[in-house]
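Here is what each chain is made of, one letter per residue.
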Amino acid sequence: MTTQSNAKQNTPAGRIVVIGAGYSGLCAAARAGKSAQVTLIAPDERIPNRIRQHEVAAGREVPKPLIAHVVRGRKVTHVQARVTELDLTARKVFTDTGRAVEYDTLVYALGSHTAWHGVPGAQKHAYSTEQAAELRQRLAETPTGRLAVVGGGATGIELAAELAEAYPDWRIQLVSSGEVGGWFSAKGKAIVHEALGRLGVELREHSEVTAVDAAGLTTVQGRIDADLVAWAGSFEVAPLAREAGLAVTETGEAVVDAYLRSASHPEVFVIGDAAAVTLPGIGRLRKGCATAEPMGMYVGKVLGRIVRGKTVGPYSYGYTVQCLSLGRHAGMVQRVGKDDSMRERAYGGGVGRRVKALIAWGVVVAFRL
């Protein structure tokens, strides 16, 4: 394992560039910017706040603070542009505005996006998580209809519940290749299924989607007619890390060391969904805000300490809960072990809702810590 002194010596300070302003990137930039000059490159003016996109689809107001407000008082310059290329040898970041930004230390935090998994017609006929605003507009234009939400993971469950509550005249089906909420404990799963049933969401489990068209879905279990399709599948990372020459996994996540530095380029930190992080006794960290934001806070702290000539320790993390919102009036909180293994204890109803709301609020607050 790399020692603390090596981490300090091999990680230069100088010009720090952070690419990506999601949960991990913005946390890293804001925290490092307390004591170091940081250039943050990201196309958005506001925080995307992706964990609340299901609320956007339901027509609810979601806090998305200006990035400028988050980094106020910090030594952070926001370059509003999209990264198109990395030159790891020359240590330059190229953007869609034609600008090239040089760095000594790079923080790669480009996150992930919805994966279409090569399903014919999916990208053309379905609305992804990133298209929540467009989905909201379509739902608002039509008083009733049939909506299929594809994906039985946390994103699909939250989206189906939120839309069923916001648009009660729509018939909503949740289509999953496996068991909806099947990874939770028996109690956690029961809470999820009870809430979805109460909201009128129909479950179509073990129905892997093989094609999407303008009239609905084709699945291994047969045809599902739908006027609209919302795609809430898993996430995949951008190909930029692989194209630039960083060491990556088969699915494109950058391989990192105990300090979240690239295994092939130690001057590059990789955090959030873009990183393949495996910790002793914990295993491979899953994608999500729960893991991304702590990584950003850690790297921001590391960079600040390096600038001040101080040593750093390796990254550590442990899970405590998984939680879901199940509409505006209910939620579910599932206790887990440090390694994310399920515990039987789970809480639903108002308790689950309040805990989930508190966590969602804390995510935004954490940017300024």
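Everything that follows concerns the structure shown earlier in this document.
This text gives an overview of the structure that appears in the document. (Residues numbered from 1 in each chain as written. Predicted model: local features only at pLDDT ≥ 70, side-chain atom pairs only at ≥ 80, totals over all residues. Heavy atoms only, no water.)

**Remarks on the sheet that holds strand β16 (residues 228–231)**
Stage number 1. In space, the 5 strands of this open sheet follow the order β9-β16-β10-β11-β12, with parallel pairing throughout. The sheet terminates laterally at β9 (127–128) and β12 (202–204), the two strands that pair on one side only.
Stage number 2. Bridge count for strand β10 (residues 145–150) against β16 is 4 bridges, and the pairing is parallel. Paired with V150 across the strands is W231, a residue of β16. (Pairing = 2+ DSSP bridges. Helix = DSSP H or I, 4+ residues; strand = E, 2+ residues; numbered from the N terminus.)

**A look at the pairing of strand β23 (residues 321–325)**
A regular strand carries its side chains on alternate faces of the sheet.
Stage number 1. The element β23 is largely enclosed, with a buried count of 4 among its 5 residues.
Stage number 2. As paired elements, β23 and strand β24 (residues 331–336) share 5 bridges and run antiparallel to each other. The residue bridging L324 from the neighbouring strand is M332, located in β24.
Stage number 3. Connecting β23 to the next strand, β24, in antiparallel fashion are 5 residues, including G327 with a positive phi near 85°. (Buried < 20%, exposed > 50% of the residue type's maximum accessible area, 1.4 Å probe, protein only.)

**Describing helix α10 (residues 289–307)**
Stage number 1. Here α10 spans 27 Å end to end across 19 residues, near enough to the 27 Å set by a 1.5 Å rise per residue.
Stage number 2. Across the 19 residues of α10, 14 count as buried, placing the element largely inside the fold.
Stage number 3. Of the residues one or two after α10, G309 is the one with positive phi, at around 80°. (Expected span 1.5 Å × (residues − 1).)

**What to know about the state of the cysteines**
Stage number 1. Summed over the entire model, instances satisfying the criterion amount to 0 disulfides.
Stage number 2. This cysteine, C323, is not joined by any disulfide, and C289 carries the nearest cysteine sulfur, 9.3 Å off. (Disulfide = S-S within 2.5 Å.)

**Let's talk about a nonpolar patch on the surface**
Stage number 1. Together, L358, W361, V365 and L369 make up an exposed nonpolar region whose accessible area comes to about 410 Å².
Stage number 2. In this structure, L358 sits in helix α11 (residues 349–365).
Stage number 3. Accessibility expressed as a relative area gives 55% for L358, which makes it exposed. (Patch = residues over 30% accessible without salt bridge, like charges linked within 9 Å, V, L, I, M, F, W, Y side chains within 5 Å. Areas by Shrake-Rupley, 256 points an atom, 1.4 Å probe, with all protein chains shown as cover. Salt bridge = Lys/Arg side-chain N within 4 Å of Asp/Glu carboxyl O.)

**Focus on the sheet that holds strand β4 (residues 83–87)**
Stage number 1. A sheet is described by the order of its strands in space; here 3 strands give the open sequence β4-β5-β6, paired in antiparallel fashion. The sheet is open, and its two borders are formed by β4 and β6 (100–102), each paired with just one other strand. For this sheet the average axis-to-axis angle between neighbouring strands, irrespective of direction, equals 20°.
Stage number 2. Inspection of the sheet shows strand β5 (residues 92–95) paired to β6 by 3 bridges, in the antiparallel sense. For K92, the partnering residue across the bridge sits in β6 and is E102. (Axes fitted to C-alpha atoms, helices over the stretch in contact; angles between N-to-C directions.)

**With respect to the environment of T129**
Stage number 1. Here T129 lies in the loop between β9 and α6 (132–141).
Stage number 2. Put simply, T129 and H113 are 16 residues apart on the chain and 8.4 Å apart in space, counted from C-alpha to C-alpha.

**Structural notes on the nonpolar core**
Stage number 1. The biggest cluster of nonpolar side chains holds 68 residues, and the ones touching the most others in it are L86 and Y108.
Stage number 2. Excluding its chain neighbours within four sequence positions, the residues that come into contact with Y108 are I19, L86, A238, L240, A241, L246, V268, F269, V270, I271 and A274.
Stage number 3. A161, A164, L199 and V201 belong to the second-largest nonpolar core, a separate cluster that totals 36 residues. (Core = buried A, V, L, I, M, F, W, Y, C linked by side-chain atoms within 4.5 Å. Contact = heavy atoms within 4.5 Å.)

**Describing the side chain of R74**
Stage number 1. Relative to the assigned elements, R74 resides in the loop between α4 (67–70) and β3 (76–79).
Stage number 2. The buried charged residue R74 lacks any salt bridge, with E293 as its nearest oppositely charged partner at 12 Å.
Stage number 3. Aside from chain neighbours lying at most four places away, what touches R74 is A30, R31, G33, K34, R368 and L369. (Lys, Arg positive; Asp, Glu negative; His and termini not counted.)

**A word on α6**
Stage number 1. If you check which residues of α6 are buried, you get A132, L135 and L139. Taken down its axis, α6 places every buried residue within 60° of arc, on the same side. When the buried face of α6 is taken as reference, the exposed residues oriented beyond 90 degrees from it are A140 and E141.
Stage number 2. Where α6 is buried, its residues touch α3 (53–57), β9, β10, α7 (154–166), β11 (170–175) and β16. (Arc of directions from axis to C-beta.)

**Side note on the packing of helix α2 (residues 23–32) against α10**
A pair of packed helices can be characterised by two numbers: the angle between their axes and the separation between those axes.
Stage number 1. One can describe the packing of α2 onto α10 by two numbers: an axis separation of 7 Å at closest approach and a directional angle of 25°. Classed by the angle they form, the pair α2 and α10 counts as roughly parallel. In this structure, α2 meets α10 at a crossing whose hand is right-handed. Contacts between α2 and α10 involve Y23, S24, C27, A28, R31 and A32 on the former and, on the latter, C289, A292, E293, G296, M297, V299, G300, K301 and L303.
Stage number 2. Across the contact of α2 with α10, the residue classes tally to 9 nonpolar, 3 polar and 3 charged. (Parallel < 35°, antiparallel > 145°, perpendicular 65-115°, else oblique. Left-handed = near helix turned anticlockwise from the far one by under 90°. Nonpolar A, V, L, I, M, F, W, Y, C, P; charged D, E, K, R; others polar.)

**Notes on a positive patch on the surface**
Stage number 1. Where like charges cluster on the molecular surface, the positive patch consists of K187, R335, R343 and R345.
Stage number 2. By the secondary structure assignment, R335 is in strand β24. (Charge placed at Lys NZ, Arg CZ, Asp CG, Glu CD.)

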